[in-house]
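Geometric and topological summary
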Amino acid sequence: MRKCNLPSLGSIYFLVVCAVLYLPILLLIIFSFNNATALVFPLKGFTLQWYGTLFENRELLKAVGNSLMIGFGSSLVATIFGTMGAIAIVRFKLPGRNIFLAVAALPLVIPYVILGVSLLILFNEIGIRLSAFAAGLAHVIISIPYAMLVVASRLVGFPDNLEEAAMDLGASYWGALLRVTIPICSPALLAAFLLCFTISFDEYAIASFLVGTDATLPVYLFSQLRFPTRLPMVVALAAILMTVTMAVMLFTEWLRRVVQSPAKKG
Amino acid sequence: MENRSRFASLIGPPSLYLLLIFLLPMGVMFVYSFRAGIAGVAYDTFTLANYQSFLTNSHFHRLLWRSAGISFTISVISSLLAYPLAYYLVFKAGPNRVTLLTLLIIPAWTSYLLRVFAWKLILGSSGLLNSLLLSIGLIEVASPILIYSRGAVIVTLIYVWVPFVALPIFAALERIDKNLLEAAADLGCQPWEAFLRITLPLSFPGILAGLFFALIPTLGEFVTPLLVGGVSGSMYGNLIQDQFMRALNWPMGSVMSLAMLVAVLLLVFILTRLSSLTDLVRFS
């Protein structure tokens, strides 16, 4: 009895949870095409006008620009720092390794509100103007642990004697890193970069304290929620963003798989 | 010696960055917590008054306990919901389990702000849930079912955290040696007995990690309460945000932030004592 019942119960439960997880996203996408200002059932007919309004909205385009800029900058820096950190902690078992790892991983658990306000105080104290750039500085901090994790899991997967071989053949240590280690890790580096980019692009809590007048996309979105007439535009934007991030994350996940599968075989 | 200098060159730049943009602000915030104000004479006056008023203000304590209660509720319910998911994936889903796990995680990677926003639209009094119920005739008048309440905050955050809580539980269940269960069955153990005496105890580190996965980040939550919480659903994070953005009492806000920081670090310390940290990062 039990043996027959459990699997079906489990799969039904799994399907229900999945449905609940995807439903809000699906609803946003459906309503982004709905020809009505109010977000209520029943649906009123198909339209693309909300998507059209997005491209006429200068403030929005500026916010997208800010988000792309700090997303790109902070992910680049975080990927570089994360890679350096990952190589250091995977390849060297030296004193200082654990404390570095602990400090670099700490932003994973510290509430973003605390990171945000502490930087607000610091920037105010030393006279750095609040801006998208200031938020970008903070995004590097929250992205480093993710970049480190992705790159480190790749480094663990291949032996360091490849670097040694390159050095035996006359490469300097840094030459071996650049010409052997980095190319082998390149899918992981891309995955790390994309992951960091998604984190920065979506980050609201810290940015809300630091951006000043350069609203990033999440900050702009949040400010628009107060105006009921802007809702359809926000929903259309949300639909685009969710679809794009899901696609990017699927690609990142696939990259990570590709990266890790040879290690599992060997 | 050579290794040492290579190691130093590798961790030097990121360490310097962490020092300046992460540790230094924490230090400056600590100094701020003793200031009497943020301008003029008050700025240069150092005092313990902020700590004193933090310790005596019952409004702060109420919000702190309420936040802790909300976070605790979220993490317990999320773990209860996530456990059967992870169990199903590991023991019943067969070779597809990693793909199915990914399916579960994908929505969690989309914008957190937008998912909370979606729930605001669903739960709102002129929202989707209400209009759906109205249009199919289940209810006669639109009612503010859930929005702007503690319940709305809890429901929304459970939605956000269930997939993440499932990860460490999945990892813990995967590690269980399936021979143990077979041996138990061979020795005449009922399936539920084997579950209670083998699977559940062995997956305990995963459950614990899952609990903390939801508990730690939700403690500092302030965005979700802003969107769906209303007055009764506001949390400690909102109080901190208020001190900085509205009340402009930065020293008081610093004290509150430090109190939360200590609480979170304490939780993390307990977690690392209870289960090894390497287990946690394996699947995240």
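Residues numbered from 1 in each chain as written. Chains lettered and ligands numbered in written order. Predicted model: local features only at pLDDT ≥ 70, side-chain atom pairs only at ≥ 80, totals over all residues.

1. Observations regarding the overall build of chain B
- Of the regular secondary structure elements, chain B holds 14 helices and zero strands.
- The secondary structure elements of chain B, listed N-terminal to C-terminal, are α-α-α-α-α-α-α-α-α-α-α-α-α-α.
- With the C-alpha coordinates of chain B rotated into their principal frame, the extents come out at 80 × 75 × 35 Å.
- Burial statistics for chain B: of 284 residues in total, 43% are counted as buried.
- A fraction of 71% describes how many contacts in chain B between residues 6 or more apart in sequence connect residues 24 or more apart. (Helix = DSSP H or I, 4+ residues; strand = E, 2+ residues; numbered from the N terminus. Buried ≥ 20, exposed ≤ 12 C-beta atoms within 10 Å, placed from the backbone. Contact = placed C-beta atoms within 7 Å.)

2. Thoughts on the interface of chain A and chain B
- With 69 residues of chain A at the contact, the number on the chain B side is 66 residues.
- In terms of residue count, the dominant contributor to the side of chain A that touches chain B is helix H1 (residues 2-32) of chain A (15 residues).
- The residue makeup of the side of chain A that touches chain B, split by class, is 58 nonpolar, seven polar and four charged. (Nonpolar A, V, L, I, M, F, W, Y, C, P; charged D, E, K, R; others polar.)

3. Focus on the packing of helix H4 (residues 58-92) of chain B against helix H10 (residues 191-219) of chain B
Residues and elements named next belong to chain B.
- It is at 8 Å that the axes of H4 and H10 come closest, and there the two elements cross at 145°. Pair H4 / H10 crosses with right-handed handedness. Across the interface between the two elements, Ser67, Ser71, Phe72, Ile74, Ser75, Ser78, Ser79, Ala82 and Tyr83 from H4 touch Ile207, Gly210, Leu211, Ala214, Leu215, Thr218 and Leu219 from H10.
- Split by residue class, the contact of H4 with H10 holds nine nonpolar, seven polar and no charged. (Axes fitted to C-alpha atoms, helices over the stretch in contact; angles between N-to-C directions. Left-handed = near helix turned anticlockwise from the far one by under 90°.)

4. Considerations on the packing of H10 of chain B against helix H13 (residues 250-274) of chain B
All names here are of chain B.
- Interaxial distance between H10 and H13 falls to 11 Å at its minimum, and their mutual angle equals 170°. Viewed along their axes, H10 and H13 adopt a mutual orientation that is roughly antiparallel. For the pair H10 and H13, contact is made by Leu208, Phe212, Leu215, Ile216 and Leu219 and by Met260, Ala263, Val264, Leu267, Val268, Leu271 and Leu274, respectively.
- Classifying every residue of the contact of H10 with H13 by side-chain character gives twelve nonpolar, no polar and no charged. (Parallel < 35°, antiparallel > 145°, perpendicular 65-115°, else oblique.)

5. Describing the nonpolar core
- Counting residues in each nonpolar core, the largest one holds 161 residues, and the members touching the most others are Val151 and Ala192 of chain A together with Ala86 of chain B.
- If one sorts the elements of this core by residue count, helix H8 (residues 150-175) of chain B sits on top with 17 residues. (Core = buried A, V, L, I, M, F, W, Y, C linked by C-beta atoms within 7 Å.)

6. Some details on the confidence of the model for chain B
- When pLDDT is averaged along chain B, the result is 84, and 93% of the positions lie at 70 or above.
- Across residues 280-284 of chain B, confidence stays below pLDDT 50; counting only partners more than four residues off in sequence or on other chains, it has nine contacts. (pLDDT = per-residue confidence, 0-100.)

7. Some remarks on helix H12 (residues 236-245) of chain B
- Of all the ten residues making up H12 of chain B, eight are buried; the element is thus mostly covered by neighbouring parts of the structure.
- When H12 of chain B is considered as a whole, its buried residues turn out to be Tyr236, Gly237, Asn238, Leu239, Ile240, Gln241, Gln243 and Phe244 of chain B.
- Those residues of H12 of chain B that are buried lie in contact with helix H5 (112-126) and helix H9 (205-210) of chain A together with H4, helix H11 (223-229) and H13 of chain B.

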